[in-house]
Amino acid sequence: MGICVCLNIIKSVPLPNLKIIAIIMVMLFVYDIFFVFITPYFTKDGMSIMEKVATGASSNKPVFDAPQDYSPSEQIPLSVKIPYLQKCDIKVCAPIYGMIGFGDIVIPGLLTAYCAYFDTLAHPGETKWYYIISCIAYAVGLALTYVALMAMEIAQPALLYLVPCTLSAVFATALKRGEIRAIWTGRAGIAAPRPFDNETGSAEED
């Protein structure tokens, strides 16, 4: 259900160019780092505000070590649980899991959706390289997030890894293809309406 919510948000919020997307992603990159790594110094139990919001936790029990029967006082459905693979049979009864917030899906998803749009606009009928590379970059960033989570055993801001991976991959692709200005401004030299311009176009025709 959470995945469906994320997909609906991505579909409903088309952004016109990479400039706006990059600004949003960088701002949330800083926001995520602050609320995960900095706020524990200001809370009584040493738990980050972001972690509390995502889990509804009222204790300082780490999210990565939370068993299935762990029931905090309040659970806010703003994250997706991802179980870890267990080698020990005993731990199957009380599995540990990681969590990824809706924002960690939606924010990079807006970039991926824009890449698919730009591919269609600038290179109709061709392989959607921007879209493919952005998806691969997201997978790499997510893998790095969980490697860091298991290595450090503390909550990790996923955008710390997702934003650099996805943005750098898209910019590198655009630089190699000589389309930095086009993808940055959302203008590929082709007169094509944006998805949210349908109503405007109809009004002009009338």
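Residues numbered from 1 in each chain as written. Predicted model: local features only at pLDDT ≥ 70, side-chain atom pairs only at ≥ 80, totals over all residues. Heavy atoms only, no water.

1. Describing the overall build of the protein chain
At step 1: Across its full length, the protein chain carries eight helices and two strands.
At step 2: When the elements of the protein chain are put in sequence order from the N terminus, they spell out α-α-α-β-β-α-α-α-α-α.
At step 3: Within the protein chain, the proportion of its 206 residues that are buried is 39%.
At step 4: Restricting the contact set of the protein chain to residue pairs at least 6 apart, pairs at least 24 apart contribute 61%.
At step 5: With an accessible surface of roughly 12,300 Å², the protein chain has 66% of that area assigned to carbon and sulfur atoms. (Helix = DSSP H or I, 4+ residues; strand = E, 2+ residues; numbered from the N terminus. Buried < 20%, exposed > 50% of the residue type's maximum accessible area, 1.4 Å probe, protein only. Contact = heavy atoms within 4.5 Å. Areas by Shrake-Rupley, 256 points an atom, 1.4 Å probe, with all protein chains shown as cover.)

2. A closer look at the confidence of the model for the protein chain
At step 1: Here the protein chain averages 77 in pLDDT, and 69% of its residues register 70 or above.
At step 2: No element of the protein chain has a lower mean pLDDT than helix 8 (residues 198–205), which averages 47, and none a higher one than helix 6 (residues 159–177), which averages 95.
At step 3: Long-range and interchain partners of residues 190–206, a stretch whose pLDDT sits below 50, account for 13 contacts in this model, where long-range means more than four residues apart. (pLDDT = per-residue confidence, 0-100.)

3. Details of helix 2 (residues 18–38)
At step 1: Helix length check: helix 2, at 21 residues, gives a terminal C-alpha distance of 29 Å against a target of 30 Å (1.5 Å per residue), a fit within 8%.
At step 2: Taken residue by residue, helix 2 has L18, I21, A22, M25, D32 and V36 as its buried positions. One side of helix 2 carries all its buried residues, which in axial view fall inside an arc of 95 degrees. Every exposed residue of helix 2 that faces more than 90 degrees away from the buried side is listed here: M27 and V30.
At step 3: Capping of helix 2 at its N-terminal end is provided by N17; its side-chain oxygen lies 3.2 Å from the backbone amide nitrogen of K19. (Expected span 1.5 Å × (residues − 1). Arc of directions from axis to C-beta. Polar contact = N/O pair within 3.5 Å; in protein donor to acceptor, adjacent residues only side chain to side chain.)

4. As for the packing of helix 4 (residues 102–122) against helix 5 (residues 129–152)
At step 1: It is at 7 Å that the axes of helix 4 and helix 5 come closest, and there the two elements cross at 160 degrees. On the basis of their axis angle, the class for helix 4 and helix 5 is roughly antiparallel. Relative to helix 5, helix 4 is oriented so that their crossing is right-handed. Side by side, helix 4 and helix 5 meet where D104, I105, P108, T112, C115, A116, F118 and D119 of the first sit next to W129, Y130, Y131, S134, C135 and Y138 of the second.
At step 2: Of the residues assigned to the contact of helix 4 with helix 5, the class counts are ten nonpolar, two polar and two charged. (Axes fitted to C-alpha atoms, helices over the stretch in contact; angles between N-to-C directions. Parallel < 35°, antiparallel > 145°, perpendicular 65-115°, else oblique. Left-handed = near helix turned anticlockwise from the far one by under 90°. Nonpolar A, V, L, I, M, F, W, Y, C, P; charged D, E, K, R; others polar.)

5. Here we look at the packing of helix 5 against helix 6
At step 1: Look at helix 5 against helix 6: their axes get within 8 Å of each other, and the N-to-C directions meet at 150 degrees. In terms of orientation, helix 5 lies roughly antiparallel with respect to helix 6. Crossing angle aside, the handedness with which helix 5 passes helix 6 is right-handed.
At step 2: Residues that form the contact of helix 5 with helix 6 fall into these classes: 16 nonpolar, five polar and one charged.

6. Considerations on the side chain of Q156
At step 1: As for its placement among the helices and strands, Q156 is situated in the loop between helix 5 and helix 6.
At step 2: Of the residues examined, Q156 reaches a relative accessible area of 12% and is grouped as buried.
At step 3: For Q156, the side chain forms a polar contact with the side chain of Y161, separated by 2.8 Å.

7. Some remarks on a nonpolar patch on the surface
At step 1: Together, W129, Y131, I132, I136, V140 and L144 give the surface a local cluster of nonpolar side chains, amounting to about 530 Å² of exposed area.
At step 2: Here V140 shows up in helix 5.
At step 3: Given the relative accessible area of 42%, V140 is considered partly exposed. (Patch = residues over 30% accessible without salt bridge, like charges linked within 9 Å, V, L, I, M, F, W, Y side chains within 5 Å. Salt bridge = Lys/Arg side-chain N within 4 Å of Asp/Glu carboxyl O.)

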